[in-house]
Amino acid sequence: MFTLEQIKQAHSKVKSGADFPAYIKEIKALGVTFYETFVTDGHTDFFGNNNYKASTTAKYDAMTIAEISNAEQFKADLKAHQQGKTDYLTFCNDCAKSGIEKWAVSMKNMTCIYYDKTGKEILAEQIPQ
């Protein structure tokens, strides 16, 4: 089964949102089936077969997530990130300001879904393959 070190090594190749599809392909090959990243501190819970779970520690100081989500601003910020215009920490800050609490990635469905604090789906995207 995968290790956090393997995931960290794969993630080290990601410089912007433009690198995201290659990262997903690599960690899927390691055996990751699903993961959730929490904007508040950047920790991620990775899941594999047979209820396997590995969790990272906080990546940065806690951010305050806006109580009310702003889907349009988030979509604009996400687009900029996917085009390589922002780094990961900037993207996470933008998510917090737009009320995005987490994103969840399904390797089976090849989707990335962004949620607000109430659990409402703000955006579902198909991951390019």
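Quick summary incoming for the structure in this document.

What counts and what doesn't
Residues numbered from 1 in each chain as written. Predicted model: local features only at pLDDT ≥ 70, side-chain atom pairs only at ≥ 80, totals over all residues. Heavy atoms only, no water. Helix = DSSP H or I, 4+ residues; strand = E, 2+ residues; numbered from the N terminus. Buried < 20%, exposed > 50% of the residue type's maximum accessible area, 1.4 Å probe, protein only. Arc of directions from axis to C-beta.

1. Let's talk about unusual backbone geometry
In most cases, non-glycine residues show a negative phi, while peptide bonds are predominantly trans.
Here comes step 1: A positive phi angle is found at Asn 50, which is not glycine, with a value near 60 degrees.
Here comes step 2: With respect to the helices, strands and loops of the structure, Asn 50 is situated in the loop between strand S2 (44-47) and strand S3 (53-55).
Here comes step 3: Of note in the backbone geometry, Asn 51 takes a positive phi value of approximately 60 degrees without being a glycine.

2. So, helix H2 (residues 20-30)
Here comes step 1: Every buried residue belonging to H2 is among Tyr 23, Ile 24 and Ile 27, and all of these are buried. Down the axis of H2, the smallest arc covering the buried residues is 100 degrees, so these residues share one side. Exposed and oriented more than 90 degrees from the buried face of H2 are Ala 22, Lys 25 and Ala 29.
Here comes step 2: Following H2 by one or two positions, Gly 31 has its phi on the positive side, about 115 degrees.

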